[in-house]
Structure formats: structure tokens, C-alpha cells
Amino acid sequence: MAYSSLLSTKFFVPPVRATLISRPRLLERLAHGLDGPLTLVSAPAGYGKTTLFAEWRAGPGASTTLAWLSLDVEDNDPPRFFQYLLVCLDAALPGVVHDLLPLLKTPEPLPYDAILTPLTNALAENKQDFVLVLDDYHVIETSAIHAALAFLLGHLPPCMHLAILSRTDPPLPLARLRARNNIIEIREADLRFTLDEASVFLNEGMGLSL
């Protein structure tokens, strides 16, 4: 697969809608989560997972180095997933992982650790703080990709924060991360509107007078 064949819009943060209802209480939790390795935003469709991160990016996260990757079903192919991942990181951190891209062009697919070990080392040497967001991670069902992500989480450089947006909990060592206080979780109950947020949405966003 040539790099020119990659869909560039998968690296774009969705724009913030003009009718967005700001949710500072959740933005504060996101900001707090950046102090640790992982933020997990897990809730069914329509709860505003992507919208929340788009609001953070447009506001308090505007100056943060961000690598964004929107996933789809076709990304269950490990070589395709790793190519998108490396190109995504290369766009956010120019030159840092560029030398690793040829690893994806070997005649035989490499085991994930043959890619992730030099990737982790390269990111650690970079020392620039950044956030990698994997949106719609629930579409990923390939065990090799889950194992690769678990490996990355287990050896995450201090400069890196991983954010996973998903409709279901990913098969990662979440219990261990909770025990070590290494995860911030935002779930369905958190994403529900408060009474004040619902009032703003109905009266200002919808133009009602309730």
C-alpha cells in the first residue's frame, strides 16, 4: 500500500459544531487525565465521545501536540493499522518515526513487537509531550492489534498520552491500570446532560422556551 493511498481525513479532528453545548466539567476531567497514560471514553453511539474531544481540541487542548486517527472496520488488518498509526504519528511529530515507515514494506509482515519496540524508543527519545487519540476503537476486533496496544500501554513513554474513544471497553488490562491509578474513564453516566446542560441545549440550541 502506497502512502498516497491512505485516507488523509482519518487524521483530522472533527470540527466543533456551532450549536455545541460546552461541558467544562468534562473538559476538566480530560485535562486531569493527561497526567496519566490512558484516557478511556466509553459509551454507546450518540453520547458525544468524539464531540467532547473536538471541543477540548478547539479550546484548552489547542496548543497540545495531537495525533488523531479515526478507525474503521478495514483497519482490522494489522499492516494497514500500523501504517495508519505510523503515518499519523509522523504527521504530528515530523521526523520522529519517519525512519520506521520502511519496516512496513518488508516482504513478510513483521511481528508487532518488531515495530513497537523501535517505535517506543523513538517516541521516548523525542521527549515532546503529545496525545494520540484512537477514535471508534470498537471496530477493532483483531487480537494482534489489541496485543500491540497493550504492549504500547505497558511501555508508554512519559511524553505520550493515549486516548481511546469506543462504544465498548477494549480488551486491554483496564483492571491493572485502575489499580495503579493510570487511567481516567469517562462513561455513559458522565456524558449524560446535567439539568443545566439539558436546559441550555433545549432553550438555546433548539430555540425552545421551556
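All residue numbers refer to positions counted from 1 along the written sequence of the respective chain. Selection of residues for local features in this predicted model requires a pLDDT of at least 70, selection of side-chain atom pairs for listing and counting requires 80 or more, and totals for whole chains, interfaces and linings are taken over all residues. Water and hydrogen atoms were dropped before computing side-chain values, which therefore reflect all heavy atoms in the structure.

### Structural notes on the packing of aromatic side chains
Right, so step 1: In this analysis, rings of Phe, Tyr and Trp, with Trp reduced to its six-membered ring, are considered paired at centre separations within 6.5 Å, and the interplanar angle assigns stacked below 30 degrees, edge-to-face beyond 60, and tilted for intermediate values. Tallied over the entire structure, the rule returns three aromatic pairs.
Right, so step 2: Each ring, one from F11 and one from Y84, has its centre 5.8 Å from the other, and the planes form 55°; the classification is tilted. Separated by 73 residues along the polypeptide, F11 in the segment before α1 (24-33) and Y84 in helix α3 (residues 78-92) bring together distant segments of the chain.
Right, so step 3: Each residue's exposure class comes from its accessible area (1.4 Å probe, protein chains only) as a fraction of the maximum for that residue type: buried when under 20%, exposed when over 50%, partly exposed otherwise. The exposure class assigned to Y84 is buried, which follows from its relative accessible area of 2%. Working definition: helices are DSSP H or I runs of at least four residues, strands are E runs of at least two. Numbering for both runs from the N terminus.

### Digging into the packing of α1 against helix α2 (residues 49-58)
Geometry of a packed helix pair, given as the angle between the helix axes and the separation of the axes.
Right, so step 1: Two numbers describe how α1 lies on α2: the axes approach to 10 Å, and their chain directions differ by 75°. On the basis of the axis angle, α1 is roughly perpendicular to α2. For the pair α1 and α2, the contacting residues are L26, L27 and L30 in the first and L52, F53, E55 and W56 in the second.
Right, so step 2: Of the residues belonging to the contact of α1 with α2, the class tally is six nonpolar, no polar and one charged. A fitted line through C-alpha atoms represents every axis, and for helices the fit uses only the stretch in contact; the resulting angles, taken between N-to-C directions, go from 0 to 180 degrees. To sort the angles, those under 35 degrees are grouped as roughly parallel, those over 145 as roughly antiparallel, those from 65 to 115 as roughly perpendicular, and the leftovers as oblique. Should any heavy atoms of two residues lie within 4.5 Å, those residues are considered in contact. Basically, the charged four are Asp, Glu, Lys and Arg, the nonpolar ten are Ala, Val, Leu, Ile, Met, Phe, Trp, Tyr, Cys and Pro, and anything else, Gly included, counts as polar.

### Some words on helix α4 (residues 112-126)
Since there are 3.6 residues in each turn of an α-helix, residues three or four apart along the chain are aligned in direction.
Right, so step 1: Taking 1.5 Å of rise per residue, the 15 residues of α4 would be expected to cover 21 Å, and the 21 Å separating its terminal C-alpha atoms lies within 8% of that figure.
Right, so step 2: Burial in α4 covers these residues: I115, L116, L119, T120, A122 and L123. Angularly, the buried residues of α4 cover 165° about the axis, an arc narrow enough to put them on a single face.
Right, so step 3: Contacts from the buried residues of α4 go to α3, β3 (130-135), α5 (143-154) and β4 (160-166).
Right, so step 4: Within two residues after α4, K127 carries a phi angle of roughly 65°, on the positive side. Expected helix span is given by 1.5 Å per residue-to-residue step, counting one fewer step than there are residues. This arc is taken over the directions from the axis of the helix to the C-beta atoms.

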